[in-house]
Amino acid sequence: MCDNAKTERRSIYAGCDLGIRSAKVVILRDNTILASEIVYYRSRPHQAAGAAMDGALCKAGISRDEVERCTATGFGAKAVGFADAMAPDLICLLRGLKAMNPKVRTVIDAGGHTLQVYSTKPNGELFEIGYTEDCAFSTGMFIEMMARVLEIPVDELAAGSLLSRNPVTITNTCVVFAESEVISLINEGRDRFDVFAGVILGSASKIAGIAKRMQPLIPEVAMVGGLACYPAVRAEVEAQLGLTFAALGGADPRIVSACGAALLAREAKR
């Protein structure tokens with residue numbers, strides 16, 4: 001019994017994705033996600049990483065010394081002091097997607113400050129990359145900055161924008177100019193939910209436009225990152241691309257890279 005318990009305990013691995021705006025941690029036992037946690041920055045990134053790790057461990061009901069190995073990824077990977085190794089974020093993203101849905105060949109990564117599209121060959125090798133030339137337009141950072149200007153919580157705006165019948169077109173893609181444009185629209189008396197609906201539509205159009213550059217757009221197609229959590233964005237991108245995004249087994253679209261990092265930790269140990 002003791003030997004079996006030890007074997008089970010030593011089959012636990014972790015992945016930490018430390019991005020620009022948040023820390024994501026996934027705890028795995030073999031190929032099963034035991035728990036995950038997402039912590040947005042309130043202070044320093046390494047503190048958010050530690051808080052995300054502690055939160056995930058608490059949900060899984062285990063302690064840190066029961067984790068056999070942890071791999072870090074993302075822009076802040078070097079700041080994850082409890083990690084045993086680091087891995088490139090793209091490698092982790094594709095590894096996580098392979099585990100969640102091996103049929104996915106194209107992924108739209110719409111995160112806090114990046115917007116990229118990747119297509120892979122049948123053997124999993126990278127085939128093509130598309131990305132935006134605009135600074136933060138169509139990213140989570142852009143969406144949240146517009147919400148701050150509108151002075152309504154972003155979740156409330158996202159829900160209200162679904163009911164909008166008169167979306168207001170936002171012409172500027174630069175965050176600074178878009179902010180000024182939104183303020184002017186509010187001063188003109190435009191409905192805040194109609195304005196935010198325009199922000200959503202503009203962002204979705206940009207995302208779909210980048211995806212359409214991929215020739216061809218290889219199915220299955222998945223969308224990951226923070227913007228994938230907004231139903232209005234997902235629905236509009238799907239409509240413009242004429243498809244339905246592939247399922248990820250019910251996993252949060254923000255934790256795919258962290259999951260891939262945990263799988264790499266497991267494979268490296270073995």
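Look up a bit, the structure's there.
Please read all numbers here as calculations on a predicted model, not as lab measurements.

**Student:** How should I be thinking about the overall build of the protein in this particular structure?
**Tutor:** A tally of helices and strands in the protein yields 9 helices and 9 strands. Taking 2.2 N^0.38 as the reference for a compact globule, 270 residues should give roughly 18 Å; the C-alpha atoms of the protein span a radius of gyration of 20 Å, in line with that estimate. The C-alpha extent of the protein, read off along each of the three principal axes, is 70 × 40 × 30 Å. Of the contacts made within the protein by residues no fewer than 6 positions apart, 66% connect residues no fewer than 24 positions apart. One way to put it: in the protein the 29 positive side-chain charges average out to a point 6 Å from where the 30 negative ones average out.

**Student:** What is the right way to read the environment of Leu264 from this model?
**Tutor:** Take Leu264: it is sitting in helix H9 (residues 256-269). When the C-alpha positions of Leu264 and Cys92 are compared, they lie 7.5 Å apart, and in sequence the two are 172 residues distant. Not counting chain neighbours up to four residues away, the residues in contact with Leu264 comprise Thr71, Ala87, Ile91, Cys92 and Arg95.

**Student:** How should the sheet that holds strand E6 (residues 106-110) be read in this particular structure?
**Tutor:** The strands that make up a sheet pair up through hydrogen bonds in the backbone, lying either parallel or antiparallel. Pairing is mixed in the open sheet, where 4 strands are placed in the order E8-E7-E6-E9. The open sheet has two edge strands, strand E8 (126-131) and strand E9 (221-224), and neither has a second partner. Mean inter-strand twist for the sheet, computed between neighbouring axes without regard to direction, equals 15 degrees. Of the pairings in the sheet, the one linking E6 to E9 comprises 4 bridges and is parallel in character. Paired with Thr106 across the strands is Val221, a residue of E9. Helix H7 (residues 192-212) rests against E6, strand E7 (115-120), E8 and E9 of the sheet, and its axis sits at about 30 degrees to E7.

**Student:** For this particular structure, what's the right way to read the pattern of salt bridges?
**Tutor:** Any two side chains of opposite charge can pair if their charged atoms end up close together. Applying the stated rule across the entire model yields 7 salt bridges. Glu144 is the partner of Arg21 in a salt bridge, and the nearest nitrogen-oxygen pair spans 2.5 Å. With Arg21 in the loop between strand E1 (12-18) and strand E2 (22-29) and Glu144 in helix H4 (residues 140-150), this pair connects stretches of sequence that are 123 residues apart. Of the residues examined, Glu144 reaches a relative accessible area of 24% and is grouped as partly exposed. One salt bridge in this structure joins Arg64 and Asp54, with 3.0 Å as the shortest N-O distance. One end of the pair, Arg64, is in the loop between helix H2 (45-60) and strand E4 (69-73); the other, Asp54, is in helix H2, and 10 residues separate them in sequence. When its relative accessible area of 36% is taken as the criterion, Arg64 is described as partly exposed. Taking relative accessible area as the criterion, Asp54 reaches 42% and is therefore assigned partly exposed.

**Student:** When you look at the packing of helix H5 (residues 154-161) against H7 in this model, what are you seeing that I'm missing?
**Tutor:** Two numbers describe a pair of packed helices, the interaxial angle and the distance between the axes. Their axes nearest at 8 Å, the elements H5 and H7 cross at an angle of 90 degrees. If you check the angle between H5 and H7, you find them roughly perpendicular. Of the residues in H7, those in contact with Val154, Glu156, Leu157, Ala158, Gly160 and Ser161 of H5 are Arg192, Phe193, Phe196, Ala197 and Ile200. Here the contact of H5 with H7 is composed, by residue class, of 7 nonpolar, 2 polar and 2 charged.

**Student:** Just to check I follow, could you spell out unusual backbone geometry for this structure?
**Tutor:** Across the junction of Pro219 and Glu220, the peptide omega takes the value -5 degrees, indicating a cis bond. Its location among the elements puts Glu220 in the loop between H7 and E9. Phi at Asp30 takes a positive value of approximately 55 degrees, unusual for a residue other than glycine. Turning to its location among the elements, Asp30 is positioned in the loop between E2 and strand E3 (32-40).

**Student:** Mind showing me how you'd approach H9 here?
**Tutor:** One turn of an α-helix holds 3.6 residues; hence residues three or four places apart share an orientation. Between its first and last C-alpha, H9 extends 20 Å over 14 residues, near the 20 Å set by a 1.5 Å rise per residue. The buried fraction of H9 amounts to 10 of the 14 residues, a majority that puts the element mostly inside the structure. Buried within H9 are the following residues: Val256, Ser257, Ala258, Cys259, Gly260, Ala261, Ala262, Leu263, Ala265 and Arg266. On its buried face, H9 is in contact with E1, E2, E3, E4, helix H3 (89-100) and E9.

Cut-offs used in this document
Residues numbered from 1 in each chain as written. Predicted model: local features only at pLDDT ≥ 70, side-chain atom pairs only at ≥ 80, totals over all residues. Heavy atoms only, no water. Helix = DSSP H or I, 4+ residues; strand = E, 2+ residues; numbered from the N terminus. Rg over C-alpha atoms; globule rule 2.2 N^0.38 Å. Contact = heavy atoms within 4.5 Å. Lys, Arg positive; Asp, Glu negative; His and termini not counted. Charge placed at Lys NZ, Arg CZ, Asp CG, Glu CD. Pairing = 2+ DSSP bridges. Axes fitted to C-alpha atoms, helices over the stretch in contact; angles between N-to-C directions. Salt bridge = Lys/Arg side-chain N within 4 Å of Asp/Glu carboxyl O. Buried < 20%, exposed > 50% of the residue type's maximum accessible area, 1.4 Å probe, protein only. Parallel < 35°, antiparallel > 145°, perpendicular 65-115°, else oblique. Nonpolar A, V, L, I, M, F, W, Y, C, P; charged D, E, K, R; others polar. Expected span 1.5 Å × (residues − 1).

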